[in-house]
Number of protein chains: 2
Amino acid sequence: MKEIYLDHAATTPLDARVQKAMEPYWSKEFGNPSSLHRKGVAAKKALEESRKNIAGILHCKASEIIFTGGGTEAVNLGIIGFARANAHHGRHIVTMRIEHHAVLHSVDVLRAEGFDVTTVGVSEDGLIDPKEIERVIRPDTILVSVMYANNEIGTIQPIAEIGKVLRRYREKQKQSPHYSLSTIRYPLLFTDACQAAGALELNVEKLGVDMLAVNGSKIYGPKGIGCLYAKSEIKLEPVIVGGGQEKGMRSGTENIPAIVGFAEALEIAADMRVKESERLTKLRDWFIGELLKKIPDVVLNGHPKLRLPNNINISIPGIEGEAAVIYLDAKGIYCSTGSACSSVSLEPSHVILELGRSPDLAQGSLRFTLGRSTTKKDLEYVLKALAEVVKKTRFSKSR
Amino acid sequence: MKEIYLDHAATTPLDARVQKAMEPYWSKEFGNPSSLHRKGVAAKKALEESRKNIAGILHCKASEIIFTGGGTEAVNLGIIGFARANAHHGRHIVTMRIEHHAVLHSVDVLRAEGFDVTTVGVSEDGLIDPKEIERVIRPDTILVSVMYANNEIGTIQPIAEIGKVLRRYREKQKQSPHYSLSTIRYPLLFTDACQAAGALELNVEKLGVDMLAVNGSKIYGPKGIGCLYAKSEIKLEPVIVGGGQEKGMRSGTENIPAIVGFAEALEIAADMRVKESERLTKLRDWFIGELLKKIPDVVLNGHPKLRLPNNINISIPGIEGEAAVIYLDAKGIYCSTGSACSSVSLEPSHVILELGRSPDLAQGSLRFTLGRSTTKKDLEYVLKALAEVVKKTRFSKSR
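Not measured: the values here are computed from a predicted model.

A.B. asks: How do you make sense of the nonpolar core when you look at a structure like this?
C.D. replies: Taken as a class, soluble globular proteins show a tendency for nonpolar side chains to be buried jointly. Leu-58 and Ile-133 of chain A together with Leu-58 and Ile-133 of chain B are the most contacted members of the largest nonpolar core, which totals 133 residues. Apart from residues lying up to four places away in sequence, Ile-133 of chain B is in contact with Val-94, Ile-128, Val-144, Val-146, Ile-162, Val-165 and Leu-166 of chain B. Ranked by size, the runner-up nonpolar core spans 62 residues in total, among them Ile-66 and Ala-87 of chain A together with Ile-142 and Val-241 of chain B.

A.B. asks: When you look at the domain arrangement of chain A in this model, what are you seeing that I'm missing?
C.D. replies: Bring the parts together and some accessible area is lost; that lost area is often taken as the interface size. All names here are of chain A. Domain boundaries in chain A define domain 1 (4-11 + 273-393) and domain 2 (16-268). For domain 1 and domain 2, the distance between their C-alpha centroids amounts to 28 Å. Facing the 29 residues of domain 1 at the interface are 34 residues of domain 2. It is Arg-273, Leu-308 and Arg-372 that lose the most area in domain 1 upon contact with domain 2, and together they represent 25% of the buried surface on that side. Linking domain 1 to domain 2 there are 2 salt bridges. Note that Arg-97 and Glu-354 form a salt bridge whose closest N and O atoms lie 3.1 Å from each other. Inspection of the domain 1/domain 2 interface yields 17 residue pairs in polar contact (both at pLDDT 80 or more). Every element with two or more residues in the side of domain 1 that touches domain 2 is listed here: α9 (256-294), β10 (311-315), α11 (340-343) and α12 (350-354). Split into classes, the residues belonging to the side of domain 1 that touches domain 2 amount to 10 nonpolar, 14 polar and 5 charged.

A.B. asks: Help me understand the relation of the copies chain B and chain A in this model?
C.D. replies: The second copy of the chain is related to the first by a rotation about an axis and a shift along the axis. When chain B is fitted to chain A, the best match, at an RMSD of 0.0 Å, comes from turning it 180° and sliding it 0.0 Å along the axis. Read as a symmetry element, the transformation amounts to a two-fold axis. Closest approach to the rotation axis among the C-alpha atoms of chain B is made by Gly-69 of chain B, whose C-alpha sits 2.8 Å away. In this assembly the copies share their binding face: 100% of the residues contributing to the interface of chain B also contribute to that of chain A.

A.B. asks: I'm lost on the pairing of strand β6 (residues 188-192) of chain A in this one. Help?
C.D. replies: Remark: a regular strand shows side chains that alternate across the two faces of the sheet. Residues and elements named next belong to chain A. For β6, the buried fraction is high: 5 of the 5 residues fall into the buried class. Of the two faces of β6, the one carrying Leu-188, Phe-190 and Asp-192 and the one carrying Leu-189 and Thr-191 are both buried. Relative to β6, strand β5 (residues 141-145) is paired through 3 bridges, and the arrangement is parallel. What sits directly across from Val-144, in β6, is Leu-189. Note that β6 and strand β7 (residues 211-215) share 3 bridges and pair parallel. If you follow Thr-191 over to β7, its bridge partner there is Leu-212.

A.B. asks: Would you explain the packing of aromatic side chains in this entry?
C.D. replies: Centre distance and the angle of the planes are the two values used to describe a pair of aromatic rings. Counted according to the given criterion, the structure contains 7 aromatic pairs over all chains. Ring plane angle 75° and centroid distance 4.6 Å describe the contact between Tyr-5 of chain A and Phe-30 of chain B, whose orientation is recorded as edge-to-face. Remark: Phe-30 of chain B occurs in the loop between α2 (24-27) and α3 (38-58) and Tyr-5 of chain A occurs in strand β1 (residues 4-5); the pair is interchain, linking two chains. By relative accessible area, which is 9% here, Tyr-5 of chain A ends up buried. On the accessibility criterion, Phe-30 of chain B (6% relative accessible area) is buried. Aromatic side chains Phe-287 of chain B and Phe-368 of chain B sit 5.6 Å apart centroid to centroid with 90° between the ring planes, which places their arrangement in the edge-to-face category. Residue Phe-287 of chain B is located in helix α9 (residues 256-294), and its partner Phe-368 of chain B is located in strand β12 (residues 365-369); the two are separated by 81 residues in the primary sequence. The pair formed by Phe-287 of chain B and Phe-368 of chain B is uniform in burial state, with each residue classed as buried. Its end group placed over the ring of Trp-286 of chain A, Lys-376 of chain A keeps NZ or CZ at 4.7 Å from the ring centre.

Parameters at a glance
Residues numbered from 1 in each chain as written. Chains lettered and ligands numbered in written order. Predicted model: local features only at pLDDT ≥ 70, side-chain atom pairs only at ≥ 80, totals over all residues. Heavy atoms only, no water. Core = buried A, V, L, I, M, F, W, Y, C linked by side-chain atoms within 4.5 Å. Buried < 20%, exposed > 50% of the residue type's maximum accessible area, 1.4 Å probe, protein only. Contact = heavy atoms within 4.5 Å. Domains from an automatic or database assignment. Buried area = accessible area lost by both parts, 1.4 Å probe. Salt bridge = Lys/Arg side-chain N within 4 Å of Asp/Glu carboxyl O. Polar contact = N/O pair within 3.5 Å; in protein donor to acceptor, adjacent residues only side chain to side chain. Helix = DSSP H or I, 4+ residues; strand = E, 2+ residues; numbered from the N terminus. Nonpolar A, V, L, I, M, F, W, Y, C, P; charged D, E, K, R; others polar. Least-squares fit on C-alpha atoms with pLDDT ≥ 70 in both. Pairing = 2+ DSSP bridges. Phe/Tyr/Trp six-rings, centres within 6.5 Å; stacked < 30°, edge-to-face > 60°. Lys NZ or Arg CZ within 6 Å of the ring centre and 35° of its normal.

Pasting the structure below:
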């Protein structure tokens, strides 16, 4: 049977080039970077070269990259680790209600520790208004956390504009009588870029972010690896403690094969980005156009243009998302309802609800996320199958 | 040049069979277990089968296994996560001074949160006395953490006896007027089995432990993967929060290739254990005998018999450990001074110091950890090289 994988936002297959890059580190250069001998030195070299290459893509210093055991851990470190280490300045944090649970549960942990958290809503397109950030930040705000692109609806947030809002605010603080000579100015900007990494610019200078999290599993890289970019001088409290690796910020023997693979995956993504995004954007827009034409009453979730090139999220009134996923699965089409991480719970997506959609429409949301292997022919097949599903399901309901 | 890797306690090469087991999960069955479609189901199946296989080796229920991003994280979850979730009962923790830094820094975190920690010393052989545990536990002790085997000196601790001490204590509590009907009886026993996993019995029933941490990187498995066994009904607070994977105890997309490889590595280790331990014990004892004969004034660190089959740790008066490692490295022999994790710091090992050795002897400690590829011929070569190193170094010092 034909298999069409359209769930690249859940996870991606490993790129063959990445697998090849990892190969020498399994049983040849398998050393522990902390060892003083040749095997350790070779591992250390692979570690630091990977760090340097990633720093090149992010336009930061190699010393500003902390490797973690995945995207979630990088987010935890950037939010929980940052807040705990900077609580002396203030205990207020700002984030969005449509963030990934890695962010939402990080701020929950902080709330339980006495932090005050303001969660900002979004427009019906899923966009945050930078003015809203300006409105809610206060002298005790230490962190603003805004995801780069949403994992469910693909909406791309105006990170650079939010960065400017924060820089203006920090400048103003200099005139304040309470201005301290600390090298860090608050609030800092953290962005969860895990979903954006494959498709969007990751230049932290242009983005104007102070911290950024990315991982391997969404960019055709290995799973179980990620990193946090944290600007020099930012103090963090580690989430994982032990042998003191990553300058004490993340203990545990470094996962060299995964780190090497992660760096390779990021480089490949950076190389392919412009062309592949163009290709996917065209496919996406054509697919959305056809869906709107061919599926009666279909609703597009998320912004029509400011969205990831590979993301299509729709709601079909009268159709259960889960049922549709299973129908399509039988036809070899693999897609998702909302985010994979919450699909087990069968609760309506918190993201779709935040857009102001009814619980019924949220329940019926379907996400197709294209990838490097996706062709127009694949999508034509999906359109046909989806039309059938809708016809059958609605018909059976009306009887 | 001949290469003799004798640093298996730092990390092991990946077993070819493990690599093969992981292969299908890179780009064929690469799905996210949370996805509802076939790719997700296949990933979920691989996840749960791996969990079941590991549970079989540990003699526990599959539901008692929580996958983590490595050994350090498993230790953090078992100590920090446990203590935070059980602080209502008491805030006293007991551990050993020769534990790995993953444990020592976990209890440091808890100390900063107001927990009271008692650290117990060891004999000059590196052995804890179970009576010492009996002496220090109190009604508010919630956890006793004793490593199964030491990573530097290989000493195997009497875990089962400590388990019995705790069970007796818990039984006595039943007669206490303060006895609660809680299903959990304190104190519980946690053991860091990361270093022991390849060589010793992992049957948690026989060991009498309530929690146990193991990982892949020391047993010819993949890096960046580990697990915590935690007996049913034990409440933990997650260290990593987000999408709610591992029943909320460890969020982040499950690292299926690494999990499958980890389970395979544990199975291979379990299959090989008895024979391979016998072979290594013979090699080890022969090697120690030769060292004591051929290197003047050499001192064996750790217990002569109750030690890991692959561990040899010696101190040579007048010889710097680091210098010897580098000398041997030039001859293609890869060994270590104390633990790899702290070798970067060049501080004398806290473990060797705890045995009552002088800082000079601690500084001069050398660790050889044998592996599946190690032969008697390798060790003969090492003996010759080491004798030369000692002669040259001592000679150059006396000039």
